[in-house]
Amino acid sequence: MLEILKYLVGSAGASGYGSKSTAVEVTQSCPHLCSVTAIITGATSGIGEETARVLAKRGARIVLPARNLKAAEEAKARIKSESESECSDHSRITVMELDLSSLNSVRNFVSKFESLNLPLNLLINNAGRFCYEHAISEDGIEMTFTTNYLGQYIGEQILFSGHFLLTKLLLNKMIETAKLTGIQGRIVNLTSNIHSWFSGDIFEYLGRISRSNREYDATRAYALSKLANVLHTVQLAHRLQETEANVTVNCVHPGVVRTKLNRDREGFVTDLIFYMASKTKLLKTIPQGAATSCYVATNRNVENVNGKYFADCNEQGSCESKLGTKSAPLAARLWSASEPSSPLLQVILRLDQLNSMNQLD
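The rules we used
- Residues numbered from 1 in each chain as written.
- Predicted model: local features only at pLDDT ≥ 70, side-chain atom pairs only at ≥ 80, totals over all residues.
- Heavy atoms only, no water.
- Pairing = 2+ DSSP bridges.
- Helix = DSSP H or I, 4+ residues; strand = E, 2+ residues; numbered from the N terminus.
- Axes fitted to C-alpha atoms, helices over the stretch in contact; angles between N-to-C directions.
- Contact = heavy atoms within 4.5 Å.
- Salt bridge = Lys/Arg side-chain N within 4 Å of Asp/Glu carboxyl O.
- Buried < 20%, exposed > 50% of the residue type's maximum accessible area, 1.4 Å probe, protein only.
- Parallel < 35°, antiparallel > 145°, perpendicular 65-115°, else oblique.
- Left-handed = near helix turned anticlockwise from the far one by under 90°.
- Nonpolar A, V, L, I, M, F, W, Y, C, P; charged D, E, K, R; others polar.
- Phe/Tyr/Trp six-rings, centres within 6.5 Å; stacked < 30°, edge-to-face > 60°.
- Lys NZ or Arg CZ within 6 Å of the ring centre and 35° of its normal.

## Description of the sheet that holds strand E1 (residues 37-40)
- Pairing within the open sheet is mixed, and its eight strands lie in the order E3-E2-E1-E4-E7-E8-E11-E12. Looking at strand neighbours, the two that pair on one side only are strand E3 (93-97) and strand E12 (314-318), the edges of this open sheet. Within the sheet, the average angular offset between the axes of one strand and its neighbour, ignoring direction, is 25 degrees.
- Inspection of the sheet shows E1 paired to strand E2 (residues 61-66) by three bridges, in the parallel sense. Within the sheet, the bridge partner assigned to Ile-39 lies in E2 and is Val-63.
- Its contacts with the sheet put helix H5 (residues 103-115) on E1, E2 and E3, and the angle it makes with E3 is roughly 145 degrees.
- Against the sheet, helix H7 (residues 162-181) touches E1, strand E4 (122-125), strand E7 (185-190) and strand E8 (247-253), its axis set at about 165 degrees to E4.

## Considering the pattern of salt bridges
- In total, this model carries four salt bridges according to the counting rule given.
- In this structure, Arg-53 and Glu-50 form a salt bridge, with 3.0 Å as the shortest nitrogen-oxygen distance. Here Arg-53 pairs with Glu-50, and both are found in helix H3 (residues 46-57), just three residues apart, close to one helical turn. Of the two residues, Arg-53 and Glu-50, both sit in the buried class.
- Note that Lys-70 and Glu-74 form a salt bridge whose closest N and O atoms lie 2.7 Å from each other. Of this pair, Lys-70 and Glu-74 both sit in helix H4 (residues 69-82), four residues apart, which is roughly one turn of that helix.

## Considering the packing of H3 against H4
- Where H3 meets H4, the closest approach of the two axes is 9 Å, and the angle between their N-to-C directions is 40 degrees. With respect to H4, the element H3 is oriented oblique. Seen along the crossing, H3 lies across H4 with a hand that is right-handed. In contact with Glu-49, Ala-52, Arg-53 and Ala-56 of H3, H4 contributes Ala-75, Arg-78, Ile-79 and Glu-82.
- Taken together, the residues that form the contact of H3 with H4 break down as four nonpolar, no polar and four charged.

## A few points about the environment of Asn-108
- Looking at the element boundaries, Asn-108 is found in helix H5.
- Under the relative-accessibility criterion, Asn-108 is labelled partly exposed at 46%.
- As a C-alpha pair, Asn-108 and Glu-97 span 11 residues in sequence and 8.7 Å in three-dimensional space.

## A short note on the packing of aromatic side chains
- Evaluated as defined, the whole model comprises three aromatic pairs.
- Plain terms: the ring middles of Phe-109 and Phe-113 are 6.4 Å apart, the flat faces sit at 15 degrees to each other, and that makes the pair stacked. With Phe-109 and Phe-113 both in helix H5 and four residues apart, this pair spans about one turn of that helix. Residue Phe-109 shares its accessibility class with Phe-113, and that shared class is buried.
- A network of ring pairs unites the aromatic residues Tyr-17, Tyr-295 and Phe-310 as a single cluster.
- The ring of Tyr-309 carries the charged tip of Lys-322 above its face, separated from the ring centre by 4.7 Å.

The structure is reproduced here in C-alpha cells:
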C-alpha cells in the first residue's frame, strides 16, 4: 500500500526522482552527450520518440531505425525542431530502415550501420508490438514475440528475432567503442511488470502456440515476451561481467502510458480504460514514461550497474530477484536454445524461406 501511495504522489526515491519525474528533468544533471551515439528502436512515436528527443537535446547523435521511413522522417523533423543542443554540430539524427519482425532486415540494418563507421555507446531496445490476433512474420515467428524478443518454439529450438538478434549483432561494436573512448556502453531493455502475469513452463507454452493457433492468447503472449526481455537481461549481464566488457545491460519498466502500442484496439472501451487510469493518477504521461529509460541511459549513478531492474527512475533490485531462484538456469537455457549461430536454427530458417517462396509461387 505504501508503494502505491508513493507512486500516486510521485515521491522521490533514492535517486532523487520518482514516478512523476520527466525525461527532461532526470537528464538535467547529466554531462553533455556530444560524443555519444545512441540507437533507439521504436522512436517514431510515444516513449521512444520522447527518449530520442531528450537525448538529442542533451547533444547525443541519434540513429532512428524504423520500418516506416516516412513516420521516421516525420519524427526526425519533430525532434530537430524541439531539441536545440549546445553541441548541435555533433548531434545528428540518422534514419535507417529496420523491420524487427524480419531477421534479414535486422542483419541488413546492422551491416549498414557498421558501414557508417560510427561509434555506438547506447542501445535502447524500446520498440514492441501487442498483437490481439495471432500473426506470423516472414520468418515464421509469432509477431508479438519477434517484435519484442521471443520467437516460435520448435523442438528444443527457439527462434529469436527482433531485439535479441539486434543486440547480439551490435554487441562487439559497443565493446569496441567502450575500449576506444573509455565511455561505458549501456544497453537498456524496456520490459513491463506484466511479465509477472506469466506462470508455468515457458518452453511448454511456446510449444503449444507453435502447434495450434487456438492456444494463442494476446495478453499472455505479450507477458511472455516481456518475461523473455528480463531473462535475456539476466544472461547478457552475466556474460558481460564474465568477459569484463565495459558495457552494462539493465531492464526498465516505464509504467502505464498510453502510446500506439494499443493502436489495433482504439475505441470507446480503450478510451474509457485510459480515462479511468488517468483519473486515478495511475497513468503516466509520455515524458514521465520515458524518464526511467533516460535515467538509466545517462545518469552517473547507474555507471557500472549491471543486470538490475528499474522503475520510476529507481533501482528495484536485480532482474534475477524479480524472477526468483530459477531465473539464472532458465535464462541460460533460453539463450542457448536461441543462438543464431546454431546449425539447427539455420536449417529451420532456410526451410521457412523456402516455404515462403513456395507460397508466393
